[in-house]
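# Working through the structure, step by step
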Amino acid sequence: MILVVFTTVSTLLAPSQVYAQSVQPNTQPAQVAQIQFTRSSVFSDKGKKDLDSLVNALAKMRALACENPKSWYYQGAIHWVPSLTKFPQSNSLCSKYTQIAFNDPQQKLEVQKLLNAWQHCTHGLPDQNLNLPISQIADQHFLPWHRLYLIYFEKIVRKLSPDNPQFAIPYWDYTRADQRTIPSQFVTTSSSLYTNLRNSVLNFVGGAVESSKQQQIKKDKNNAYGADSFNQTKNPLFNFSNQINNSPHGEMHGYIGGVVGNVPNPIWNNQPSPDGNFGLMTDVETAGFDPIFWIHHSNIDRYWESWQAVNPEKRKATVQDLSLPSNLAQIYTFADENNNLVSYNTPANIIKGIYSVDYQYDQLDPDAKTAVVRGRVVQSTQLSAREALQPRILAVKQQLHQSLDKLTDVTVPLSTPLQKRLVSSEARTVTTPVQPEQYLLEVKLSFTKRPIGNYNVYVNLPRIKSLSSVISDIEHYYVGSVNFFELHNAEENSKTFVFDITNEVNTQLSELTKPQVENIEVKFVSDSIAPKEEIYIENITLSKPA
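Presented here is an overview of the structure given in this document. What you are looking at is a predicted structure, and each value in this text was computed from that prediction instead of being measured.

Across all of its chains, the model carries 26 salt bridges by this definition. Note that Glu 110 is salt-bridged to Lys 96, the shortest N-O span being 3.3 Å. Of the two residues, Glu 110 sits in helix α4 (residues 108-117) while Lys 96 sits in the loop between α2 (72-79) and α3 (99-103), which places them 14 residues apart along the sequence. Residue class for Glu 110 comes out partly exposed when judged on its relative accessible area of 23%. Between Asp 173 and Arg 302 there is a salt bridge; the shortest N-O distance is 3.1 Å. Note that Asp 173 is positioned in the loop between α5 (134-159) and α6 (211-225) and Arg 302 in helix α8 (residues 292-310), a separation of 129 residues in sequence. Assessed through its relative accessible area of 2%, Arg 302 is described here as buried.

Now the structure itself:
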């Protein structure tokens, strides 16, 4: 394990920018001279103790008024919360956060302080400030912002846990086959960590991530570990942040939240979620209110640390990676355990903050060490016009406008048949370099409203295997996921995903029982029971990089 010693450096907001009445004047946080805390697996003895402390702390935080920065509602809303216009007259969880309160001259300033402090997650940033697609902005700041968000939440829980001064947020590594079970503290109905707004597959004592999903996200994670750059601005086709953001991060948000049916959602003022009756974790606007958010993101942060430890200097984020216009600096503001507001308002301050932390992990992910940088292009990404590839096109199907359903199958004719070829068994593993014949699959989707949900993508050369065999064979047929864990503005109505399917195609070509194939089949399988998103497949292209 690589141990990195950090110190905390930050720039504080002026006292006039304090957001809530309970917030104290700003003070410089003490610098950290050494590693003091250890984040542990939820299944370890320390992890279990830390979960028990989290249960007790969340009970206290739920009892605090929403204006209090240490409250459960305030902390969840820092990530995101439904727009003020969604609460015209009342809000069952936060009476101050309503349109009528904002319109009251005597209350407007207090409400404005909350508006300034909340809705800061990078997955909701508008694109007009950086002139980039919203998902690209999320890629740049996704890992740094969430690292700092967790650090300050961790400090609050530690202060509320006097019997556990060594508290650190434990992590849940759901990519391990022996750790698929959801910790019992989250599914015990009397626990402060419980909510009924989760995937029913998980949300009971003994509930577990399905074996197929565990295998999918493990493959996605290992593909991300094959990247050798932090972020999209260096090279949009070889960046870790984008890949880990899509899956396991976004994929597990959608999977944990799932579809919950017509269930009252307290975050939506006890009305069902307006975007398809999804659970809290599925939606950016409500994800921070599910306490499982914290052990999920502790694990994502651990993946980042594991990946960087393989090549610490080359893989560190730089000031250039984290461009941040002054009008977006406010998103890097957090409340500490003493109700001080701490702000990292320049890229240099952000860099100091994310690499000057007071914690380590009990064990880094060993998969990061075995993943070889192979020139694998992407697991999935959104491309802007200036990043468009100019590959050799092998197959294309355009203007489909085919609706995504529970199972959607598209056959794409090849302009030139693919020939049977022999591939050694070693070439099929994640840790070996890809074969010279490299293949990219590009999928353009459109939508008429904000899309939510997960779709698993499989590529099958016809008549090799049955549908059930293809879906169950994750290693050879699953190529990645399509998910939409981000907010979209009104102007965005499409998203393009690109998958490197080199290993999968080469393996299947080696198994052909005839000399060549004339088509490829692309299958989309929804995680949702009854997806209601109006999402359409527009174009599918198979190509070789130029």
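Following Ser 247, the chain continues to Pro 248 via a peptide bond in cis, the omega torsion being 15°. Along the chain, Pro 248 falls in helix α7 (residues 240-257). Even without being a glycine, His 401 presents a positive backbone phi close to 50°. Along the chain, the position of His 401 falls in the loop between β6 (392-397) and β7 (402-403).

Okay, the nonpolar core next. Within the largest apolar cluster, 103 residues are counted, with the highest numbers of intra-cluster contacts made by Tyr 73, Trp 118, Trp 172, Phe 240 and Tyr 332. Setting aside its immediate chain neighbours within four residues, Tyr 73 contacts Cys 66, Val 81, Asn 91, Leu 93, Cys 94, Tyr 97, Trp 118 and Phe 289. Core analysis: the second largest hydrophobic core is formed by 33 residues, Ala 395, Val 412, Val 479 and Val 505 among them.

A separate point is the packing of aromatic side chains. Using the criterion set out here, one finds 27 aromatic pairs in the structure. With a centroid separation of 6.0 Å and an interplanar angle of 70°, the aromatic rings of Tyr 171 and Tyr 361 are classed as edge-to-face. Here Tyr 361 lies in strand β5 (residues 359-361) and Tyr 171 lies in the loop between α5 and α6, a separation of 190 residues in the sequence. We classify Tyr 171 as buried; its relative accessible area is 3%. For the pair Tyr 225 and Phe 240, a centre-to-centre distance of 6.3 Å together with 5° between the ring planes defines the contact as stacked.

The subject of this paragraph is the packing of α7 against α8. For the pair α7 and α8, interaxial distance at closest approach is 11 Å and the crossing angle is 155°. Taken together, the axes of α7 and α8 lie roughly antiparallel to each other. Handedness of the α7/α8 crossing: right-handed. Seen from α7, the contacting residues are Phe 240, Ile 244, Pro 248, His 249, Met 252, His 253 and Ile 256; seen from α8, they are Ile 292, Phe 293, His 296, His 297, Ile 300, Tyr 303, Trp 304 and Trp 307.

This next bit is on α4. Those residues of α4 that sit buried are Val 111, Leu 114 and Ala 117. One side of α4 holds all its buried residues, which, seen down the axis, span an arc of 125°. On its buried face, α4 sits against α2 and α3. One or two residues past the end of α4 sits Gln 119, with phi positive at roughly 60°.

Here is what the cut-offs are and how they apply
- Just so you know, the residues in each chain are numbered from 1, in the order the chain's sequence is written.
- In keeping with the model being predicted, local features are shown solely for residues with a pLDDT of at least 70 and side-chain atom pairs are shown and tallied solely at 80 or more, while totals for entire chains, interfaces and linings include all residues.
- Side-chain calculation: all heavy atoms of the structure are included, whereas hydrogens and water are not.
- Here, a salt bridge means any side-chain nitrogen of Lys or Arg that lies within 4 Å of a carboxyl oxygen of Asp or Glu.
- In this description a helix means any DSSP run of H or I spanning at least four residues, a strand means any run of E spanning at least two, and both kinds are numbered starting from the N terminus.
- Exposure is judged per residue with a 1.4 Å probe applied to protein chains only, and the accessible area is read against the type maximum: over 50% gives exposed, under 20% gives buried, and values in between give partly exposed.
- Among buried residues, the Ala, Val, Leu, Ile, Met, Phe, Trp, Tyr and Cys ones that are joined through side-chain atoms within 4.5 Å form a nonpolar core.
- Whether two residues are in contact is decided by their heavy atoms: any pair within 4.5 Å suffices.
- Any pair of Phe, Tyr and Trp rings, taking the six-membered ring for Trp, is counted once the centres come within 6.5 Å. Such a pair is stacked with planes under 30 degrees apart, edge-to-face with planes over 60 apart, and tilted for the rest.
- Helix axes are fitted only over the stretch in contact, all axes being lines through C-alpha atoms; the angle between N-to-C directions runs from 0 to 180 degrees.
- Should an angle fall under 35 degrees it is called roughly parallel, over 145 degrees roughly antiparallel, and 65 to 115 degrees roughly perpendicular, with every other angle called oblique.
- In this scheme the crossing of two helices becomes right-handed for a clockwise turn of the near helix relative to the far one and left-handed for an anticlockwise turn of less than a right angle.
- Each C-beta atom gives one direction from the helix axis, and the arc is the one those directions make.

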